[in-house]
Amino acid sequence: AFFGESAINNLGLGSESERRSSASVKEDIKRTANVQAVNKVVALRLLAKDFHDLVGDLKGALERNFSLKVIDSIPLFEPLTVKQREDFAGKLTEVRFPKGHIIQEEGEQGDTFYIVKAGQVLIFNPVRGLNRKERSIATLGPAGYFGERAMLTKEKISASVRVLTSEVVLYSISYATFTAELGSLQEITENIAEEVRRKDQLNSQK
């Protein structure tokens, strides 16, 4: 169990220089409740300033941990090394859209990959012709993703995506940013597959 996290959150506000210059004041931030030992207690104490020196902003640390877990759950990124996944997570940008907003449209050139953080989106084919109705394909919630073709082949988008809930929060990364940092995902996958084949051949020769 732990307590005192409000001090860490409050110290996370402002710039790095502001946090350092006001650290002594922040350490004495007013508590919202008393904590009294009911028997003998051994506790570990970590000052808010030291926490930020070691880990950084608490909210940011939680965000990075969440995004890494989501990335780890997506089969598409299994070929990435731990370091590549961490770099990938560090490049994700949070974006928000209101209900009814069309995030991407069928037929457009895809250039962005999205992961749903909160809310829901509808994947659908829009109405075509006078007698046709919109065709729903799938509903995606947290940890769902779309736009992966942009990360692989930059093909044109095959379905539109619309926000279903009052708001959706997404992680996004452009094809250009991904390839600049990590290279082509398709090439990474092919290189790893080739390495696996090479090791299998070596093992078969033993």
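As shown above, the structure is provided for reference.
A short tour of the structure in this document, coming up. Remember, it's a predicted structure, so these values are computed and weren't measured experimentally.

Some words on the overall build of the protein
Alright, step 1. Secondary structure assignment for the protein yields 9 helices and 8 strands.
Alright, step 2. Counting the 206 residues in the protein, one finds 31% classified as buried.
Alright, step 3. Sequence separation of 24 or more characterises 73% of the internal contacts of the protein that already satisfy a separation of 6 or more.
Alright, step 4. Element-wise, carbon and sulfur atoms account for 52% of the exposed surface of the protein, whose accessible area totals about 13,600 Å².

Section: helix H6 (residues 82-91)
Alright, step 1. Of the positions making up H6, those classed as buried are Gln84, Arg85, Phe88 and Ala89. Burial along H6 is one-sided: seen end-on, the buried residues are contained in an arc of 135 degrees. Summarising the geometry of H6, the exposed residues directed more than 90 degrees from the buried face are Val82, Lys83 and Gly90.

Concerning the sheet that holds strand E4 (residues 121-125)
Neighbouring strands of a sheet are bound in pairs by backbone hydrogen bonds; such pairs are parallel or else antiparallel.
Alright, step 1. Across the sheet, 4 strands lie side by side as E2-E7-E4-E5; this open sheet has antiparallel pairing. Lying at the two open borders of the sheet, with one neighbouring strand each, are strand E2 (102-104) and strand E5 (135-140). Neighbour-to-neighbour, the strand axes of this sheet turn through a mean angle of 30 degrees, independent of strand direction.
Alright, step 2. Examined bridge by bridge, E2 and strand E7 (residues 160-163) share 2 bridges and lie antiparallel to one another. Within E7, the residue paired with Gln104 across the bridge is Val161.

Topic: the pattern of salt bridges
Alright, step 1. Taken as a whole and assessed by the stated rule, the structure comprises 6 salt bridges.
Alright, step 2. One connected set of salt bridges, linked through shared partners, spans Glu94, Arg96, Lys117 and Glu167.

Focus: the sheet that holds strand E6 (residues 145-146)
Alright, step 1. The 4 strands are arranged E1-E8-E3-E6 in an open sheet whose pairing can be described as antiparallel. Sheet topology places strand E1 (93-98) and E6 at the edges, where each strand pairs with a single neighbour.
Alright, step 2. Here strand E3 (residues 112-118) pairs with strand E8 (residues 167-174) via 6 bridges, running antiparallel. Note on E8: the bridge partner recorded for Tyr114 is Ser172.

A word on the layout of surface pockets
Alright, step 1. Considered as a void within the structure, the second largest pocket measures approximately 260 Å³ in volume.
Alright, step 2. Along its surface, the second largest pocket is lined by 18 residues, and Gln104, Phe146, Gly147, Glu148 and Ser158 are the ones closest to its centre.
Alright, step 3. Residue contributions to the lining of the second largest pocket peak at 3 residues, all from helix H7 (residues 148-152).
Alright, step 4. When its residues are assigned to classes, the lining of the second largest pocket shows 9 nonpolar, 5 polar and 4 charged.

Examining the nonpolar core
Alright, step 1. Membership of the largest hydrophobic core comes to 16 residues, with the highest contact counts inside it found for Phe77, Phe88 and Phe113.
Alright, step 2. Mapped by element, the contributors of at least two residues to this core are helix H5 (58-72), H6, E3, E8 and helix H8 (175-182).
Alright, step 3. Contact partners of Phe88, with chain neighbours within four places excluded, come to Ile71, Phe77, Leu80, Phe113, Ile173, Phe178 and Leu182.
Alright, step 4. Grouped together as the second largest cluster of nonpolar side chains are 13 residues, Phe97, Val161, Val163 and Val168 included.

Quick word on the side chain of Thr112
Alright, step 1. Note on placement: Thr112 falls in strand E3.
Alright, step 2. Other than its neighbours up to four places away in sequence, Thr112 contacts Phe146, Gly147, Ala150, Ser172, Ile173 and Ser174.

A short note on unusual backbone geometry
Alright, step 1. Even without glycine at this site, Ala143 takes up a positive phi of about 80 degrees.
Alright, step 2. Locating Ala143 in the fold gives a position in the loop between E5 and E6.
Alright, step 3. The exposure class of Ala143 is partly exposed, given its relative accessible area of 32%.

Examining the environment of Ser67
Alright, step 1. Secondary-structure assignment places Ser67 in helix H5.
Alright, step 2. With a relative accessible area of 3%, Ser67 lands in the buried category.
Alright, step 3. The spatial distance from the C-alpha of Ser67 to the C-alpha of Arg85 is 9.6 Å, given a sequence separation of 18 residues.
Alright, step 4. Sequence-distant contacts of Ser67, that is, excluding residues within four places in its chain, are made with Ala89, Leu92 and Tyr171.

Conventions adopted
- Residues numbered from 1 in each chain as written.
- Predicted model: local features only at pLDDT ≥ 70, side-chain atom pairs only at ≥ 80, totals over all residues.
- Heavy atoms only, no water.
- Helix = DSSP H or I, 4+ residues; strand = E, 2+ residues; numbered from the N terminus.
- Buried < 20%, exposed > 50% of the residue type's maximum accessible area, 1.4 Å probe, protein only.
- Contact = heavy atoms within 4.5 Å.
- Areas by Shrake-Rupley, 256 points an atom, 1.4 Å probe, with all protein chains shown as cover.
- Arc of directions from axis to C-beta.
- Pairing = 2+ DSSP bridges.
- Axes fitted to C-alpha atoms, helices over the stretch in contact; angles between N-to-C directions.
- Salt bridge = Lys/Arg side-chain N within 4 Å of Asp/Glu carboxyl O.
- 1 Å grid on protein atoms, 1.4 Å probe; cavity = no way out; pocket = protein on both sides within 12 Å on 5 of 7 lines; lining within 4 Å.
- Points joined across faces, edges and corners; volume = space filled by probe spheres on them.
- Nonpolar A, V, L, I, M, F, W, Y, C, P; charged D, E, K, R; others polar.
- Core = buried A, V, L, I, M, F, W, Y, C linked by side-chain atoms within 4.5 Å.

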